[in-house]
Protein chains: 2
Amino acid sequence: MRQRTRLPESRARVTLSEVAKLANVSEITVSRIMRNKGPISVETREKVMAVVNRLGYVPNRIAGSLASATSNIIGVAIPSLSNIVFPEVLRGIHAGLKGTDYQPVVGVTDYSMKTEEVLVRSLMAWKPAAMILAGFDHTDPTRQILVQSGIRVAELMDIDPEPIDIAVGLSHRSAGYESGRYLIARGYRRFGYVGHDWAEDKRAKVRYDGLCMALAEAGLTIMAHSIVDGPSSTLAGRAMTANLLAGNTSVDVAVYSNDDMAIGGVFHCLGAGVALREKLAIFGFNGLEIGDALPMALSTVRSNRFLIGKIAIEKILEQPDRRGARSVVDTGFQIIPGETA
Amino acid sequence: MRQRTRLPESRARVTLSEVAKLANVSEITVSRIMRNKGPISVETREKVMAVVNRLGYVPNRIAGSLASATSNIIGVAIPSLSNIVFPEVLRGIHAGLKGTDYQPVVGVTDYSMKTEEVLVRSLMAWKPAAMILAGFDHTDPTRQILVQSGIRVAELMDIDPEPIDIAVGLSHRSAGYESGRYLIARGYRRFGYVGHDWAEDKRAKVRYDGLCMALAEAGLTIMAHSIVDGPSSTLAGRAMTANLLAGNTSVDVAVYSNDDMAIGGVFHCLGAGVALREKLAIFGFNGLEIGDALPMALSTVRSNRFLIGKIAIEKILEQPDRRGARSVVDTGFQIIPGETA
DNA sequence: AATCCAATTGACAGCGCTAACATTGTTCTT
DNA sequence: AAGAACAATGTTAGCGCTGTCAATTGGATT
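The structure presented is a predicted model; accordingly, all values stated were derived computationally and were not measured.

Each copy of the sequence occupies a distinct position, and chain B is placed on chain A by a rotation of 180° and an axial shift of 0.1 Å, giving an RMSD of 0.1 Å. On this basis, the relationship between the two copies can be described by a two-fold rotation axis. Residue Val 105 of chain B, judged by its C-alpha, is the member of chain B lying nearest the rotation axis, at 2.3 Å. When the interface residues of chain B are mapped onto chain A, 98% of them again fall at the interface, so both copies present the same face.

So, in structure tokens, the structure goes:
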């Protein structure tokens, strides 16, 4: 029951030079072995690794990064961790990074461009190998810092505007448009919209615009709106659905700003005894897993968030230094018919 | 419309010494100004800041960390990003860090102790100011590295075992026990359990044990189990509930391993026309927001995940270097009566 | 046998910054 | 008026590692 054992050769910090000394080789040789770089004979490698293991040596990446002027850090600035969408993108990022030794450093902007600027400065101080941001709205200084850094910069979620370097996402305009086309084809004509604050979520607005475009082509418009003043949530979706139905315009389908809101709508209908689809059809956006588990599967659009994170990393690793051409990857979207619309 | 402007004094990398030279002061003076450390006259500060702004100088934290042997990085190793619980802890961590200039570096262990070990090594290479992990199960080397590092180490989610340094969480045993007491007091006697794989989620098992203890005290036992072989999910909860009800043991209440599973149970009942509470009462764990938006609010236990992350950071910042005494913070839990049990 | 080559190892000079210890004036004590 | 105490700045050495350019060895080539 050896409790609180000290490390083999207890000593606060083991350095390269100690290892080198004990293994009777030069520091650079140990360095090469630790990085699997350059030709090393089997005996030397074994001799050195024995010492490394005995001392429990862990290379100091700070020193390494300074010396080589490259870090294996990837800076990530996301708007929020509350909205399930971003943890899923993060999950994709981690999945893409698995097996490499890059480390993501994550910061949260709270949907503020000014906070993003401070964050980007702070992340850039670590000389990251690449930066990942959400969306295309940045302050001028942020954009300038990123442009002149020369490192790869990926802007995620959207592909409608022109990126600094890499864009990975989907066309929210098309997603909105196709949602409209789909619902029209299903025979719906009396459209309602249930949404949340667009100020923080520009992409929801773009989807709305796409939807309106499809409706306009069919000579239709959105007849009733119910928009909460705040971020999206299931509770808000529920309340806003009640609100929509209480209005004097009767609609046969409600399009929601996203699945959180739409699921709230489903809950309202289930609770209030409103027949889903017959009385009110519901259509969301995102394709969250939970939508599939509802008593009636949610009709929505899958937005491939995991993929967005994963592909961003793949693009970055594929070509770690920036060349001339920008690149845009469309991760697409899929209409999920479900049972609610 | 100045497009693609170069930085004021274009030049790939601006260093301290350049700033110092142009401002006609020594490097250390610039360093002190950038770090707000030591006495600096107003004129000097202004003179230097003018140059800093003109050149767009951003201090290189890698060099700074190497020189000062301290970094402002906080290493975070969490099991998963799929389970909503951990992003919420992350959210607490970010909230606690707001306004400081610490940066969290997050890695994912996929519930594997071996992966955690690799991750911890890799994070330690950045000489972080503190480390945050989930749970108490670590490999021996991981524990050793953490113990001898001397930095603050917070183990989150749980407070039942003895921590390396700081523990922040709740007693899952008590949570399970109190859930049982609550349900017994509400008059339920025929208990069923719907759960997921305990191998990855030891805390679910501990809650189960606590529940059994409460039942045993009342001369009761769990009469039927329905356990999915895999992680928790709403879909699994739905399927396992169907499974439970299909068995030949009739139960009047089902306790779930967590809210994801319990919500699946609610969905099954809503879909299959099983009267919630009258025919089958449902009780979860976590207190997810969505439970509150269901047609009938979910009866569950709030586990304060955000708080756990936030308090962990507060403890770390309160006393950044480790002293003798370990500390354990109980963030508690609250029974949420809801309407399903 | 002279030349060339690849494999293996090392010496040296920083990377950009900060800790620790001076060095100046200035103001305050007694 | 001499010393103490403080404010403001500077000098000197690295932090622990890696890029660059040798140096050495033992064949392989011609």
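Back to the text.
Residue and element names in this part refer to chain A. Taken domain by domain, chain A consists of domain 1 (16-59), domain 2 (72-171 + 305-333) and domain 3 (172-302). Distance from the C-alpha centre of domain 2 to the C-alpha centre of domain 3: 29 Å. Residue-level contacts link 16 residues of domain 2 with 16 residues of domain 3. Here domain 2 packs against domain 3, burying approximately 1300 Å² in sum over the two surfaces, 51% of which is carbon and sulfur. Our count for the contact surface shared by domain 2 and domain 3 stands at one salt bridge. Taking the shortest distance from any N to any O, the salt bridge between Asp 137 and Lys 202 comes out at 3.4 Å. Linking domain 2 with domain 3 are eight residue pairs in polar contact (both at pLDDT 80 or more), by the criterion used here. Among the elements of the structure, helix H5 (85-97) and strand S4 (152-158) are those that each provide at least two residues to the side of domain 2 that touches domain 3. It is H5 that contributes the most residues to the side of domain 2 that touches domain 3, three residues altogether. Per-class residue counts for the side of domain 2 that touches domain 3 are seven nonpolar, four polar and five charged.

Take unusual backbone geometry next. The backbone phi angle of Asn 24 of chain B is positive, close to 65°, even though this residue is not glycine. Along the chain, Asn 24 of chain B turns up in the loop between helix H1 (16-23) and helix H2 (27-35).

The next subject is the interface of chain B and chain A. Where interface size is given, it is often the accessible area lost as the parts come together that is meant. Counting from both sides, the interface comprises 56 residues of chain B and, opposite them, 55 residues of chain A. Each partner contributes to the roughly 5000 Å² buried at the junction of chain B and chain A, and carbon and sulfur atoms together form 63% of this total. Of all residues in chain B, Ile 62, Gln 103 and Trp 126 of chain B give up the largest surface area on contact with chain A, accounting jointly for 14% of the area buried on that side. Across the contact surface, chain B and chain A share two salt bridges. Between Asp 110 of chain B and Lys 98 of chain A there is a salt bridge, and its shortest N-O distance comes to 2.4 Å. Joining chain B to chain A, the criterion identifies 12 residue pairs in polar contact (both at pLDDT 80 or more). Of all the elements in the fold, those that place two or more residues in the side of chain B that touches chain A are helix H4 (61-68), helix H5 (85-97), strand S2 (103-108), helix H6 (113-124), helix H7 (140-149), helix H10 (234-246) and helix H11 (259-272) of chain B. With six residues, the top contributor of residues to the side of chain B that touches chain A is S2 of chain B.

A few words now on the sheet that holds strand S8 (residues 253-256) of chain A. All names here are of chain A. Strands sit in the order S7-S6-S8-S9 across an open sheet of four strands; the sheet is parallel. Either end of the sheet is taken by a strand with one partner, and the two such strands are strand S7 (222-227) and strand S9 (281-283). Ignoring which end each strand starts from, the neighbouring axes of this sheet average 20° apart. Sheet analysis places S8 next to S9, joined by three bridges and oriented parallel. By the bridge assignment for S9, Val 253 is matched with Ala 281. Where helix H9 (residues 202-217) meets the sheet, it contacts strand S6 (191-195), S7 and S8, and its direction lies at approximately 165° from that of S7. The sheet strands contacting helix H10 (residues 234-246) are S6, S7 and S8, and the helix crosses S7 at an angle near 140°.

Lining the immediate environment of DNA strand D, one finds 27 residues, of which Leu 16, Ser 31 and Tyr 57 of chain A together with Arg 32 and Thr 44 of chain B sit closest. The share of sugar and phosphate among atoms of DNA strand D within 4 Å of the protein is 68%. A distance of 3.3 Å is found between a base nitrogen of DNA strand D and a backbone nitrogen or oxygen belonging to Ala 63 of chain A. Listed by contribution, the elements that provide at least two residues to the surface near DNA strand D are helix H2 (27-35) and helix H4 (61-68) of chain A together with H2 and H4 of chain B.

Here we come to H4 of chain B. Because an α-helix completes one turn every 3.6 residues, residues spaced three or four positions apart along the sequence face the same direction. The opening residue of H4 of chain B, the one whose side-chain oxygen lies 2.8 Å from the backbone nitrogen of Ile 62 of chain B, is Asn 60 of chain B. Just beyond H4 of chain B, the residue with positive phi is Ala 69 of chain B, at close to 60°.

Let us now look at the packing of aromatic side chains. Residues and elements named next belong to chain A. As enumerated under the stated definition, the model contains 10 aromatic pairs over all chains in all. Here the aromatic rings of Trp 198 and Tyr 208 are separated by 4.9 Å at their centres, their planes lie at 50°, and the arrangement is tilted. With Trp 198 in the loop between S6 and H9 and Tyr 208 in helix H9, this residue pair connects regions lying 10 residues apart in the sequence. The class for Tyr 208 is buried, based on a relative accessible area of 13%. Ring pairs connect the aromatic residues Tyr 193, Trp 198 and Tyr 208, which therefore count as one cluster. A cation over a ring is seen here: Arg 207 above Phe 285, with NZ or CZ 3.9 Å from the ring centre.

Turning to the packing of helix H1 (residues 16-23) of chain A against helix H3 (residues 42-55) of chain A, a few remarks are in order. All names here are of chain A. Axis separation between H1 and H3 bottoms out at 9 Å; the angle between their running directions is 125°. Relative to H3, H1 is oriented oblique. In this structure, H1 meets H3 at a crossing whose hand is right-handed. On H3, the residues touching Val 19, Leu 22 and Ala 23 of H1 are Lys 47, Val 48, Val 51, Val 52, Arg 54 and Leu 55. For the contact of H1 with H3, the per-class residue count stands at seven nonpolar, no polar and two charged.

How each quantity is defined
Residues numbered from 1 in each chain as written. Chains lettered and ligands numbered in written order. Predicted model: local features only at pLDDT ≥ 70, side-chain atom pairs only at ≥ 80, totals over all residues. Heavy atoms only, no water. Least-squares fit on C-alpha atoms with pLDDT ≥ 70 in both. Contact = heavy atoms within 4.5 Å. Domains from an automatic or database assignment. Buried area = accessible area lost by both parts, 1.4 Å probe. Salt bridge = Lys/Arg side-chain N within 4 Å of Asp/Glu carboxyl O. Polar contact = N/O pair within 3.5 Å; in protein donor to acceptor, adjacent residues only side chain to side chain. Helix = DSSP H or I, 4+ residues; strand = E, 2+ residues; numbered from the N terminus. Nonpolar A, V, L, I, M, F, W, Y, C, P; charged D, E, K, R; others polar. Pairing = 2+ DSSP bridges. Axes fitted to C-alpha atoms, helices over the stretch in contact; angles between N-to-C directions. Near = heavy atom within 4 Å. Phe/Tyr/Trp six-rings, centres within 6.5 Å; stacked < 30°, edge-to-face > 60°. Buried < 20%, exposed > 50% of the residue type's maximum accessible area, 1.4 Å probe, protein only. Lys NZ or Arg CZ within 6 Å of the ring centre and 35° of its normal. Parallel < 35°, antiparallel > 145°, perpendicular 65-115°, else oblique. Left-handed = near helix turned anticlockwise from the far one by under 90°.

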